[in-house]
Amino acid sequence: MKRRQFMAMTAAAVAAGVAGACAPLASTRRAAAAARPATGVVAFAAARRYAELGFGRVAYVERGSGEAALFLHGAPLNGYQWRGAIDRLSPYRRCLAPDFMGLGYSQIPEHQSLAADAQAEMLASLLDSLAIGTVDIVASDSGGAVAQLFLLRHPGRVRSLLLTNCDVEPDSPPAKVKPIVEMARAGTLDEMTAQWLTDKSLARSTFGAAVFRDPAGFADETIEYYIAPLLSTPLRRAQYNAFHAAFEPNPLAGIEAELRRSTVPLRVVWGAADDVFAQSDAEYLDRVFPNSRGVRRVPGAKLFFPEEFPEVIAEEARRLWKV
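Draft legend 1. Inspection of the nonpolar core at higher detail. Among the nonpolar cores identified, the biggest contains 84 residues, and I137, L161 and L285 are the most heavily contacted of them. Top contributing element to this core by residue count: helix α4 (residues 116–129), with eight residues. Not counting residues within four places of it along the chain, the set of residues in contact with I137 comprises L70, L72, A147, F150, V158, S160, L161 and L162. In terms of nonpolar packing, the next biggest core, distinct from the first, is built from 21 residues, W82, V138, V312 and A317 among them.

Written out as structure tokens, the structure is:
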């Protein structure tokens, strides 16, 4: 065999060996992530970090590496909402789950605005502090409203958008949320919510039944992790009310024309049993975004289905991200 042919064959064999080694390594890493026990409250709390921003100390949990994905929770939840999705997606993305100002474990000064537009600017500041340029956004409920505002204010920072049941311009706040906004404006929402801490069964039969397919799965420790920080001080109680009160007037008023000019890929994944946000809101998003990748309905799923069906979020995110 001539030396040149031998060298070419050797190089090809080495390249094939490297490629063959990398593929099992990647698949092994992903299989290990899938086999890992689901992240619980203790592990999630232990992973919490704080970013010192001009908006205050913003709590967040981060896992994974590479291109970043930003997970935006609903109310009255926090980043823990996305634990199951992050368990599945951290092999593919640097997953970042912050707590909004006024919710979760973020520590915000008294006079800071908690409105959706301020939340969007807080997110930009958080990304800057972590040296993150662009993100894939996954958002739910009021987090979806913030995601849309972030997209319009910082269009060059969003690679893709995956929205579950959330506010849209013609339905923000939705009719079922307006009584909550009124309670918040009266300064009594925290009093009603406090009952969930002392009576976990009440939390499951009221809030849980409204937003989960199986409220029995709304565990005591999850209720504690969501609700306890909201009531921990008089300031936190006031901010919890203020967060909800800020959703009137409509924070999305007038944005449709701008959304129609967006080129960002959108995927809509909608809980088919949710009666908080109208089922027609999913079609609205699909119609308004020029680069929409369509709507997927999740049978039996209610507002906060990402907690109960994290595999659906992971599947749809990977398809959207092409990984």
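Draft legend 2. Spatial organisation of the packing of aromatic side chains. For the coordinates displayed, the defined rule picks out 14 aromatic pairs. For the pair F44 and Y225, a centre-to-centre distance of 6.2 Å together with 90 degrees between the ring planes defines the contact as edge-to-face. Within this pair, whereas F44 is found in helix α2 (residues 41–46), its partner Y225 is found in helix α9 (residues 220–227), the two being separated by 181 residues in sequence. Judged by relative accessible area, F44 falls into the buried class, the value being 4%. Sitting over the face of the ring of Y50, R57 holds its NZ or CZ atom 4.2 Å from the ring centroid.

Draft legend 3. The arrangement of the sheet that holds strand β3 (residues 68–72) in detail. Reading across the sheet, the eight strands line up as β1-β2-β4-β3-β5-β6-β7-β8 and stay open at both edges, with mixed pairing between neighbours. Every interior strand has two partners, whereas the edge strands, β1 (49–53) and β8 (292–298), have only one. Across the sheet, the axes of successive neighbouring strands diverge by a mean angle of 20 degrees, strand direction being ignored. Across three bridges, strand β6 (residues 158–166) lies against strand β7 (residues 266–271) in parallel orientation. Within β7, the position partnered with L161 by the bridge is L266. The sheet contacts of α4 involve β1, β2 (56–63), β3, β4 (94–98) and β5 (135–141), and relative to β1 the element is tilted by about 105 degrees.

Draft legend 4. Representation of the layout of surface pockets within the structure. Each pocket or cavity is described by its volume, and for the largest pocket that value is around 530 Å³. Lining the largest pocket are 27 residues, and of these A75, K176, V177, I180 and F207 sit closest to its centre. Counting residues per element, the ones that place at least two in the lining of the largest pocket are α7 (189–198), α8 (200–211) and α10 (234–245). A breakdown of the residues in the lining of the largest pocket according to their chemical character gives 19 nonpolar, four polar and four charged.

Draft legend 5. Structural context of the side chain of S292. With respect to the helices, strands and loops of the structure, S292 is situated in strand β8. Residue S292 is classed as buried on the basis of its relative accessible area of 18%. A distance of 3.1 Å separates a polar atom in the side chain of S292 from the backbone nitrogen of G294. Sequence-distant contacts of S292, that is, excluding residues within four places in its chain, are made with L266 and D286.

Draft legend 6. Representation of the packing of helix α6 (residues 178–186) against α10. At a minimum axis distance of 8 Å, the contact between α6 and α10 shows a crossing angle of 135 degrees. Compared by their axis directions, α6 and α10 come out oblique. The interaxial crossing formed by α6 with α10 has left-handed handedness. On α10, the residues touching I180, V181, M183, A184 and R185 of α6 are N241, H244 and A245.

Draft legend 7. Region of the structure containing the pairing of β5. Along β5, seven of the seven residues are buried, which leaves the element largely enclosed by surrounding structure. Pairing of β3 with β5 involves five bridges; the strand directions are parallel. Directly across from A68, in β5, lies its bridge partner V135. Pairing geometry for β5 and β6, over six bridges, is parallel. In the strand pairing of β6, I137 is matched with L161. Crossover connection from β5 via helix α5 (residues 142–153) to parallel β6: handedness right-handed.

Draft legend 8. Molecular detail of the pattern of salt bridges. Using the criterion set out here, one finds 22 salt bridges in the structure. The partner of R83 in a salt bridge is E307, and the shortest N-O contact between them spans 3.0 Å. Of this pair, R83 sits in helix α3 (residues 83–89) while E307 sits in helix α13 (residues 305–308), and the two are 224 residues apart along the sequence. On the accessibility criterion, R83 (15% relative accessible area) is buried. As a salt-bridge pair, E256 and R260 come within 3.0 Å of each other at their nearest N and O atoms.

The rules behind these values
Residues numbered from 1 in each chain as written. Predicted model: local features only at pLDDT ≥ 70, side-chain atom pairs only at ≥ 80, totals over all residues. Heavy atoms only, no water. Core = buried A, V, L, I, M, F, W, Y, C linked by side-chain atoms within 4.5 Å. Buried < 20%, exposed > 50% of the residue type's maximum accessible area, 1.4 Å probe, protein only. Helix = DSSP H or I, 4+ residues; strand = E, 2+ residues; numbered from the N terminus. Contact = heavy atoms within 4.5 Å. Phe/Tyr/Trp six-rings, centres within 6.5 Å; stacked < 30°, edge-to-face > 60°. Lys NZ or Arg CZ within 6 Å of the ring centre and 35° of its normal. Pairing = 2+ DSSP bridges. Axes fitted to C-alpha atoms, helices over the stretch in contact; angles between N-to-C directions. 1 Å grid on protein atoms, 1.4 Å probe; cavity = no way out; pocket = protein on both sides within 12 Å on 5 of 7 lines; lining within 4 Å. Points joined across faces, edges and corners; volume = space filled by probe spheres on them. Nonpolar A, V, L, I, M, F, W, Y, C, P; charged D, E, K, R; others polar. Polar contact = N/O pair within 3.5 Å; in protein donor to acceptor, adjacent residues only side chain to side chain. Parallel < 35°, antiparallel > 145°, perpendicular 65-115°, else oblique. Left-handed = near helix turned anticlockwise from the far one by under 90°. Right-handed = clockwise from strand over helix to strand, strands pointing away. Salt bridge = Lys/Arg side-chain N within 4 Å of Asp/Glu carboxyl O.

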